Amino acid sequence: MSSIDYKEPTKEVGEHINLEVVSSSDDFVSGQKTDVHRGLKSRHVQLIALGGAIGTGLFVGSGGALAVAGPAGILIAYLLISFFVWTIMNQLGEMVTYIPEAGKSTMYALCERYSGSKSLAFAAGMNLYYAQALIAPAEITAAAFVIQYWSDLNVAIWITILYFSTVILNFLAVKFFGEVEFWIASIKIFCIVGLIIVGIVIFFGGAPDSNGVLGFHFWKHPGAFVEHLTGGSAGRFCGILTGIIKSAFAFILAPELVTCCAAESVNPRVNLPKATDRFIYRLLFFYIFGVIVIGVIVASNDGRLMNAIANGSSGAAASPFVIGIQNAGIKVLNHIVNACILTSAYSCGNSFVFAGSRTLHSMAIAGQVPKIFGYTNKYVHQLKFSHGYPIFPPFLVLSHGF
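What counts as what
Residues numbered from 1 in each chain as written. Predicted model: local features only at pLDDT ≥ 70, side-chain atom pairs only at ≥ 80, totals over all residues. Heavy atoms only, no water. UniProt positions renumbered as here; feature names shortened; annotations may be inferred. Helix = DSSP H or I, 4+ residues; strand = E, 2+ residues; numbered from the N terminus. Buried < 20%, exposed > 50% of the residue type's maximum accessible area, 1.4 Å probe, protein only. Contact = heavy atoms within 4.5 Å. Phe/Tyr/Trp six-rings, centres within 6.5 Å; stacked < 30°, edge-to-face > 60°. Lys NZ or Arg CZ within 6 Å of the ring centre and 35° of its normal. Axes fitted to C-alpha atoms, helices over the stretch in contact; angles between N-to-C directions. Parallel < 35°, antiparallel > 145°, perpendicular 65-115°, else oblique. Left-handed = near helix turned anticlockwise from the far one by under 90°. Nonpolar A, V, L, I, M, F, W, Y, C, P; charged D, E, K, R; others polar. Expected span 1.5 Å × (residues − 1). Arc of directions from axis to C-beta. Core = buried A, V, L, I, M, F, W, Y, C linked by side-chain atoms within 4.5 Å.

Check the Subcellular location (unreviewed entry) section of the UniProt entry for the chain; it says "Membrane".

Structure representation (structure tokens):
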């Protein structure tokens, strides 16, 4: 296995430490590099923690959960899932901060270290990889369908454009990935804050088509809960359970995305704890406040929402945010929200290509998958715009979409 050399810390323990990993992997295969580059700055990691991996699950998929659970049911579902994800994030953050090295900070490496079972670690690593590899093309495809909100061109054209742009981005230095995620996460934050403000305006009857204060009208008519599969309390309970299942996609693999940045983050023992501590704000403002807004502006039996679900729509037409804005008679804003959904879906797909390739890279340098997936660009010092990225894993991750 590769040896790891550390630069001597320049300050006392507990202070700001510059932990830069330089991997010497000549014993892996002669002449071939397997090391990655620490190019993610503090602001990159913080914004990835706040907005990374948020895609169509929240902006579009929440409509399906609202239809089966009701506004109170979906709020309960998001509260429960947020609690469990928050505990997972704290546990992963602590383990990854302890050893923020290349090949040591993925779920595979953590499972092997703390369980002592290589077979269990291999199963967990491959399970995580396949989840990431399947979500990536799904989000890219969803982004292409979102574009159809404005265009009648064949969706294959947009899928091709988004696919190749994702490939190019994952073959640049990791700092470019960090920059893209930083700005798109900023867009997500501004979008959610704007939607919360819009929800407050609609709540108090300030929308063009409002007839007085709307308040929690949809919590009374058609009701706070939806009876699913059967009637009475059992039906409402089934609605909440189904809402949890449908809502889980909005949270899927979010903590893993943050922790897989450890090996390529500058000062990981400083930046990872900060990102972990601030993850709670993402859960509160993005998810909890977001579903409260959905429950205020859209009824669980809204005609547009039910038609979109019945037709299997996966674009902006099925987004409860867009539907609520249209019902309120607010012009243009639905196009702005749709643009935010587009960038979110593309960002989510790009993030899981990054995460899936790092999972495969970690298993390759441990000898659990073919060594070819551990190779990284050897021109680390010559090419400043493209260095230290895994060469073959991004292709394999995106190939699952075909």
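A.B. asks: How should I be thinking about the overall build of the chain in this particular structure?
C.D. replies: Of the regular secondary structure elements, the chain holds 15 helices and two strands. Residues classed as buried in the chain amount to 55% of the 402 residues present. Once local pairs closer than 6 in sequence are excluded, the contacts in the chain between residues at least 24 apart make up 75%.

A.B. asks: Even after reading the chapter, I still don't get the side chain of Ser-347, so can you show me in this structure?
C.D. replies: Summarising the element assignment, Ser-347 is placed in helix 14 (residues 333-365). Note on Ser-347: relative accessible area 0%, which makes it buried. Residues contacting Ser-347, with those up to four places away along its chain left out, are Glu-181, Ile-184 and Lys-188.

A.B. asks: What's the story with the packing of aromatic side chains in this structure? I'm lost.
C.D. replies: According to the stated counting rule, one finds 14 aromatic pairs in the structure shown. Taking the centre distance of 5.4 Å and the plane angle of 85° together, the rings of Tyr-163 and Phe-164 count as edge-to-face. Considering the side-chain rings of Phe-251 and Tyr-287, the 4.2 Å spacing of their centres and the 20° angle between planes classify their relative orientation as stacked. Of this pair, Phe-251 sits in the loop between helix 9 (232-247) and helix 10 (254-259) while Tyr-287 sits in helix 11 (residues 268-297), and the two are 36 residues apart along the sequence. The exposure class assigned to Phe-251 is buried, which follows from its relative accessible area of 4%. For Tyr-287, a relative accessible area of 1% corresponds to the buried category. Here the aromatic residues Phe-203, Phe-204, Phe-216 and Trp-219 are joined through ring pairs into a cluster of three or more. Across the ring face of Tyr-114, the terminal group of Arg-113 is positioned such that the distance to the ring centre comes to 5.7 Å.

A.B. asks: How should I be thinking about the packing of helix 3 (residues 62-98) against helix 12 (residues 303-310) in this particular structure?
C.D. replies: If you want to describe how two helices pack, look at the angle between their axes and the distance between the axes. Across the interface, helix 3 lies against helix 12 with an axial gap of 10 Å and an inter-helix angle of 110°. In terms of orientation, helix 3 and helix 12 fall into the roughly perpendicular class. Handedness of the helix 3/helix 12 crossing: left-handed. Between helix 3 and helix 12, the contacting residues are Gly-63, Gly-64, Leu-66 and Ala-67 on the first element and Leu-305, Met-306 and Ile-309 on the second. Broken down by class, the residue content of the contact of helix 3 with helix 12 amounts to five nonpolar, two polar and no charged.

A.B. asks: Would you explain unusual backbone geometry in this entry?
C.D. replies: Excluding glycine, residues mostly carry a negative phi; peptide bonds, for their part, are mostly trans. Residue Pro-222 follows His-221 across a cis peptide bond; omega there is 15°. Note on placement: Pro-222 falls in helix 8 (residues 217-223). Positioned with a positive phi, Asn-267 is a non-glycine residue whose angle comes to about 50°. Position of Asn-267 relative to the elements: it lies in the loop between helix 10 and helix 11.

A.B. asks: How do you make sense of the packing of helix 3 against helix 11 when you look at a structure like this?
C.D. replies: It is the contact of helix 3 with helix 11, at a shortest axis distance of 10 Å, that shows an interaxial angle of 175°. Between helix 3 and helix 11, the angle falls in the class roughly antiparallel. Residues that form the contact of helix 3 with helix 11 fall into these classes: 21 nonpolar, seven polar and one charged.

A.B. asks: Got a minute to help me understand helix 6 (residues 155-170) in this structure?
C.D. replies: Each α-helix winds once per 3.6 residues, and so residues spaced three or four apart point in a common direction. Taking 1.5 Å as the rise per residue, helix 6 with 16 residues should run 22 Å; its terminal C-alpha atoms sit 23 Å apart, in good agreement. Considered for burial, the residues of helix 6 that qualify are Val-155, Trp-158, Leu-162, Tyr-163, Thr-166, Val-167, Leu-169 and Asn-170. The buried residues of helix 6 occupy an angular sector of 165° when the element is viewed end-on, so they sit on one face. Close packing links the buried residues of helix 6 with helix 5 (118-147), helix 7 (174-203), helix 14 and helix 15 (393-399).

A.B. asks: Any chance you could explain the environment of Ile-184 here in plain terms?
C.D. replies: The topology assignment puts Ile-184 in helix 7. The exposure class of Ile-184 is buried, given its relative accessible area of 10%. Separated by 159 residues in the primary sequence, Ile-184 and Thr-343 place their C-alpha atoms 6.5 Å from one another. In this view, Ile-184 contacts Thr-343, Tyr-346 and Ser-347; residues no more than four positions away in its chain are not counted.

A.B. asks: Would you explain the environment of Leu-214 in this entry?
C.D. replies: Here Leu-214 lies in the loop between helix 7 and helix 8. Among the residues examined, Leu-214 registers a relative accessible area of 24% and is labelled partly exposed. Leaving out residues up to four positions away in the same chain, Leu-214 has contacts with Ile-202, Phe-203, Gly-205 and Val-296.

A.B. asks: When you look at the nonpolar core in this model, what are you seeing that I'm missing?
C.D. replies: The nonpolar side chains of soluble globular proteins are, as a tendency, buried together. Formed by 102 residues in total, the largest nonpolar core has its most connected members in Leu-58, Phe-59, Tyr-78, Leu-195, Phe-251 and Tyr-287. The greatest single-element share of this core, amounting to 14 residues, is contributed by helix 14. In contact with Phe-59, not counting residues within four places along its chain, are Ile-54, Cys-191, Ile-192, Leu-195, Ser-319, Pro-320, Phe-321, Ile-341 and Ser-344.

A.B. asks: When you look at helix 9 in this model, what are you seeing that I'm missing?
C.D. replies: Along its 16 residues, helix 9 runs 22 Å from first to last C-alpha, staying within 8% of the 22 Å computed at 1.5 Å per residue. When helix 9 is considered as a whole, its buried residues turn out to be Gly-235, Gly-239, Ile-240, Thr-242, Gly-243 and Ser-247. As for helix 9, its buried residues are in contact with helix 3.

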